[in-house]
Structures are given as C-alpha cells and as structure tokens.
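Secondary and tertiary structure notes
Given next are the chains, with one letter for each unit.
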Amino acid sequence: MNDNREILDLANRFESIATDGFEGRPYRTALAGLARHVRGHAGLAPQVAHALGVMIRLIGESDPEGRFAAKIAILREAVELLTED
C-alpha cells in the first residue's frame, strides 16, 4: 500500500491540472502524462482514482449550481485514464 500523502499529493496534482483546464488553459497533455506516471507504479492508479472520486463528489456536493462542472469533467477524464485497461 502506498503512503496516503503520496496518493493525496497525486490527486491534488490532477486537481491542479483540472483547474488549468477549467480556466481555459491546455491540460490534456499534462493530464495524460501524470496518468502515465501513476499507472507506472503498481497498485497506485486505483488508489489515486478512488481519491479523485472522493474529490469529484465533494466538489459536486459543494457546487449545486454546477459552476465547476467543467472541472469535474476533467477530473472524470483523469479517473478514466487511470482505470483504462
């Protein structure tokens, strides 16, 4: 099992990339690169994907107006990249 700090750090890095995308900056290259990095470490991707799922849920619950829908969509992209076979 990986250190929880490492998992949270990686989830926060994904969130930072999602913020860039939300603000209109290019993000797909960084998102794919970080996902490749995470997938390169055995057992890490599912844990980071889980942390991102929690983050997505918390953002969604705190944003009933949907202002952060684009950011949530980018975070979901990250989860898909982490969980693809």
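Let us look at the structure shown here. For clarity, every value in this text was computed on a predicted model and none was experimentally measured.

1. Digging into helix α1 (residues 4-22)
- Given a rise of 1.5 Å per residue, 19 residues ought to cover 27 Å, and the 26 Å separating the end C-alpha atoms of α1 matches this to within 8%.
- Along α1, the residues that are buried comprise Ile7, Leu10, Ala11, Phe14, Ile17, Ala18, Thr19 and Gly21.
- Residues of α1 that are buried make contact with α2 (28-39), α3 (44-61) and α4 (69-83).
- Downstream of α1 by one or two residues, glycine 24 has phi in the positive range, about 95 degrees.

2. Describing the side chain of lysine 71
- You can see lysine 71 is positioned in helix α4.
- With residues near it in sequence (within four places) discarded, lysine 71 still touches Glu15, Ala18, Thr19 and Phe22.

3. Regarding the nonpolar core
- Grouped together as the largest cluster of nonpolar side chains are 25 residues, with contacts concentrated most on Phe14, Leu31, Val38, Val48, Leu52, Leu75 and Leu82.
- Sorting the residues of this core by element identifies α1, α2, α3 and α4 as the ones contributing at least two each.
- Considering every element that reaches this core, the biggest residue donor is α3, with 9 residues.

4. As for the pattern of salt bridges
- Summed over the entire model, instances satisfying the criterion amount to 7 salt bridges.
- A salt bridge links arginine 25 to aspartate 20; its shortest N-O distance comes to 2.7 Å.
- With a closest N to O distance of 2.6 Å, arginine 25 and glutamate 23 form a salt bridge.
- With a relative accessible area of 40%, arginine 25 lands in the partly exposed category.
- For glutamate 23, a relative accessible area of 48% gives the class partly exposed.
- Three or more residues are tied together by salt bridges with common partners; here these are Asp20, Glu23 and Arg25.

Rules used throughout
- Residues numbered from 1 in each chain as written.
- Predicted model: local features only at pLDDT ≥ 70, side-chain atom pairs only at ≥ 80, totals over all residues.
- Heavy atoms only, no water.
- Helix = DSSP H or I, 4+ residues; strand = E, 2+ residues; numbered from the N terminus.
- Expected span 1.5 Å × (residues − 1).
- Buried < 20%, exposed > 50% of the residue type's maximum accessible area, 1.4 Å probe, protein only.
- Contact = heavy atoms within 4.5 Å.
- Core = buried A, V, L, I, M, F, W, Y, C linked by side-chain atoms within 4.5 Å.
- Salt bridge = Lys/Arg side-chain N within 4 Å of Asp/Glu carboxyl O.

These values are about where atoms sit, not about what they do.
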